[in-house]
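One-letter residues, chain by chain:
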Amino acid sequence: MKKFLSSAEQGQDAQLIDRFGRQLNYLRVSVTDKCDLRCSYCMPKGFNGFEEPENWLSFAEIERVVAAFGRMGVGRVRLTGGEPLLRRNLPQLVQSLASHPEIRDISLSTNATQLHKHADALYQAGVSRINVSLDSLDKACMENITGRDSFASIMAGLQAGKRAGFKPIKLNMVVMGGVNEHEVKRMAEFCFNEGFILRLIEAMPMGSTGQNSQYRDIGPIRDELVKQFDLVPVAEELGGGPARYWSSRDGQGTIGFISPISQHFCATCNRVRLAVDGTLYMCLGQDEKFELRPLLRAGISDQELEQAIREAIELKPERHEFTTQKHKIIRFMSQTGG
Ligand SMILES: Nc1nc2c(ncn2[C@@H]2O[C@H](COP(=O)(O)OP(=O)(O)OP(=O)(O)O)[C@@H](O)[C@H]2O)c(=O)[nH]1
Ligand SMILES: C[S@@+](CC[C@H](N)C(=O)[O-])C[C@H]1O[C@@H](n2cnc3c(N)ncnc32)[C@H](O)[C@@H]1O
Ligand code: SF4
Ligand code: SF4
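Here the structure is a predicted model, which is why all the values come from computation and not from measurement.

(A) Summary view of the overall build of the chain. A count of helices and strands for the chain gives twelve helices and twelve strands. Computed over C-alpha atoms, the radius of gyration of the chain comes to 19 Å, within 12% of the 20 Å expected from 2.2 N^0.38 for 338 residues, which places it in the range of a compact globule. When the backbone C-alpha atoms are referred to their principal axes, the chain occupies close to 55 × 40 × 40 Å. The contacts in the chain between residues at least 6 apart in sequence include a share of 74% that link residues at least 24 apart.

(B) View of the UniProt feature "binding site: [4Fe-4S] cluster 1" (unreviewed entry) in the chain. The feature "binding site: [4Fe-4S] cluster 1" (unreviewed entry), as annotated in UniProt, sits at Cys35, Cys39 and Cys42 in this numbering. Here Cys35 is to be found in the loop between β1 (26–30) and α2 (59–71). Cys35 sits in the buried class, given a relative accessible area of 16%. Excluding residues within four positions of it along the chain, Cys35 makes contact with Met43, Asn48, Gly82, Glu83, Leu86 and Asn111. Within the fold, Cys39 resides in the loop between β1 and α2. By relative accessible area, which is 13% here, Cys39 ends up buried. Every residue in contact with Cys39, bar those within four places of it in the chain, is listed here: Ile145 and Thr146.

(C) Seen up close, the side chain of Ser30. Relative to the helices and strands, Ser30 is located in strand β1. Overall, the relative accessible area of 1% leaves Ser30 in the buried class. From its side chain, Ser30 meets the backbone oxygen of Thr32 in a polar contact 3.1 Å long.

(D) Focus on the side chain of Ser259. Along the chain, Ser259 falls in the loop between β9 (254–258) and β10 (271–274). One polar contact links the side chain of Ser259 to the main-chain carbonyl oxygen of Gln263, over a distance of 3.0 Å. If near-sequence neighbours (up to four positions away) are discounted, Ser259 is found in contact with Glu202, Ile218, Arg244, His264 and Phe265.

(E) Region of the structure containing unusual backbone geometry. Omega for the peptide link from Lys167 to Pro168 comes to -5°, which places this bond in the cis form. Counting through the fold element by element, Pro168 comes out in the loop between α6 (151–164) and β5 (169–175). A positive phi is found at Ala112, a non-glycine position, where the angle reads about 70°. In this structure, Ala112 sits in the loop between β3 (105–110) and α4 (115–125).

(F) View of the environment of Glu311. Its location among the elements puts Glu311 in helix α11 (residues 302–313). Sequence separation between Glu311 and Cys283 is 28 residues, and the spatial gap between their C-alpha atoms is 15 Å.

(G) Helix α7 (residues 184–194), seen in detail. Every buried residue belonging to α7 is among Val184, Met187, Ala188, Phe190, Cys191 and Phe192, and all of these are buried. Looking one or two residues past α7, Gly195 carries a phi angle of roughly 80°, positive in sign.

(H) Molecular detail of the UniProt feature "domain: Radical SAM core" (unreviewed entry) in the chain. UniProt's feature table lists "domain: Radical SAM core" (unreviewed entry) at residues 19–242, given in the numbering used throughout. Annotated as 37% helix and 17% strand, the span residues 19–242 places its first and last C-alpha atoms 20 Å apart.

(I) Examining the confidence of the model for the chain more closely. Chain-level pLDDT for the chain is 94 on average; 96% of the residues reach the 70-or-more range. The ipTM for the predicted assembly is 0.99, set against a pTM of 0.96.

(J) Looking closely at the environment of Val77. Within the element layout of this structure, Val77 appears in strand β2 (residues 76–80). Every residue in contact with Val77, bar those within four places of it in the chain, is listed here: Leu27, Val29, Val66, Leu97, Ile103, Asp105, Ile106 and Ser107.

(K) View of the pairing of β5. The buried fraction of β5 is high, at seven of seven residues. Alternating positions in β5 separate into two faces, Ile169, Leu171, Met173 and Val175 on one and Lys170, Asn172 and Val174 on the other, with burial throughout. In the sheet, strand β4 (residues 129–133) pairs with β5 via four bridges, with the strands oriented parallel. Bridge pairing in β5 links Asn131 to Lys170. On the question of chirality, the crossover connecting β5 to the parallel strand β6 (residues 197–202) by way of α7 is right-handed.

(L) How the structure looks around the sheet that holds β4. Judged by pairing direction, the sheet is mixed, and its twelve strands sit side by side in the order β7-β8-β9-β6-β5-β4-β3-β2-β1-β10-β11-β12 without closing on themselves. Each edge of the open sheet carries a strand with a single partner, namely β7 (231–233) and β12 (289–291). Mean inter-strand twist for the sheet, computed between neighbouring axes without regard to direction, equals 25°. α2 contacts β1, β2, β10 and β11 (279–281) of the sheet and is inclined by roughly 170° relative to β1.

(M) Spatial organisation of the packing of α2 against helix α3 (residues 90–98). Following both chains from N to C, one finds α2 and α3 inclined at 30°, their axes separated by 10 Å at the closest point. It follows that α2 is roughly parallel to α3 by the angle criterion. Judged by the twist between their axes, the crossing of α2 over α3 is right-handed. Between α2, through Phe59, Ile62, Glu63 and Val66, and α3, the contact on the second element is made entirely by Leu90, Gln92, Leu93, Ser96 and Leu97. Taken together, the residues of the contact of α2 with α3 break down into six nonpolar, two polar and one charged.

What counts, and at which threshold
- Residues numbered from 1 in each chain as written.
- Chains lettered and ligands numbered in written order.
- Predicted model: local features only at pLDDT ≥ 70, side-chain atom pairs only at ≥ 80, totals over all residues.
- Heavy atoms only, no water.
- Helix = DSSP H or I, 4+ residues; strand = E, 2+ residues; numbered from the N terminus.
- Rg over C-alpha atoms; globule rule 2.2 N^0.38 Å.
- Contact = heavy atoms within 4.5 Å.
- UniProt positions renumbered as here; feature names shortened; annotations may be inferred.
- Buried < 20%, exposed > 50% of the residue type's maximum accessible area, 1.4 Å probe, protein only.
- Polar contact = N/O pair within 3.5 Å; in protein donor to acceptor, adjacent residues only side chain to side chain.
- pLDDT = per-residue confidence, 0-100.
- Pairing = 2+ DSSP bridges.
- Right-handed = clockwise from strand over helix to strand, strands pointing away.
- Axes fitted to C-alpha atoms, helices over the stretch in contact; angles between N-to-C directions.
- Parallel < 35°, antiparallel > 145°, perpendicular 65-115°, else oblique.
- Left-handed = near helix turned anticlockwise from the far one by under 90°.
- Nonpolar A, V, L, I, M, F, W, Y, C, P; charged D, E, K, R; others polar.

Shown next, in the form of structure tokens:
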């Protein structure tokens, strides 16, 4: 290992900056690779995640890694999965992360099927905002996409999320040709009425599922929505992610556009991902990774952990290559949490 100074010794210089000058301030933490749904673009039927519980990072191990990132300027943490609400006692983890003052934003990505049971506890523990996957308002279409009769439980989860106080609540819709693209306008109206922020996402070719995901360029869809809802671009930051936001001039609603394929945002990438087995993935669309679990279980010090993370960040690639087809990503999205 190269010799690094600890973050305390480095002061301001402790921040994590990669080889391309990008400052990292966002860590996505996957707390399980299991899920109760099988979204057609994400997780294949008959597959239930790779990792056995003994290979999962414990809450204490996750907290150590998050705290190390926090000392190096990473103040945003998003909990994800698989489906994060399948991980038992998640509010305990949230509470421990929230006790670190550097961690100023704790958010959650969920399919919301179990949210009605956990919304209040998660909010009380310190999750302030949530992003919920919802690809359709049609019960049969949702069953087709998610592989299960999931619509009613998701709706109940969304209402529980509202009551609990999460703000904002963003709805993530992966737009798929011939599947749900005709529902975009209806979904926008639903979100405007309910006070949710709609986000339209281009499907990425991750694993066999993502490769067959009926990708649609959301550019023309955005142009249509701009006319339909009289949208103007929003300058204000509405999270830490790659969405570009537009709001209706009357202030009634906001739509975010996430276009990793047609207009990628890698030049401003600010994040890495911690998988449930302790692997740090440097990029959603590349294979560079760094294994933290063996180091954590070998008893490394906090300073050595920071050094290891800095070495990992040196591996972060410039961008994905989803469109060049030079290299296919065989991981499913559920392994890294989106
Ligand atoms: N290519 C690429 N896509 C990303 C990246 N981050 C998020 N996405 C896509 O955006 C989707 C939505 O992400 P969310 O989990 O809702 O989080 P977010 O939009 O980054 O979060 P906030 O802006 O903080 O609310 C993901 O499922 C991915 O499809 C990224 O770094 N690279
Ligand atoms: C992997 S899920 C994990 C969290 C939670 N289960 C959920 O669905 O929100 C996180 C996000 O990844 C997105 N996603 C999954 N597969 C994708 C793909 N192939 N392309 C683009 N986004 C994808 C989902 O739409 C979801 O918003
Ligand atoms: S997108 Fe989320 S809910 Fe759907 S299969 Fe993937 S992990 Fe599960
Ligand atoms: S594809 Fe990789 S480099 Fe591009 S924004 Fe996503 S994680 Fe960052």
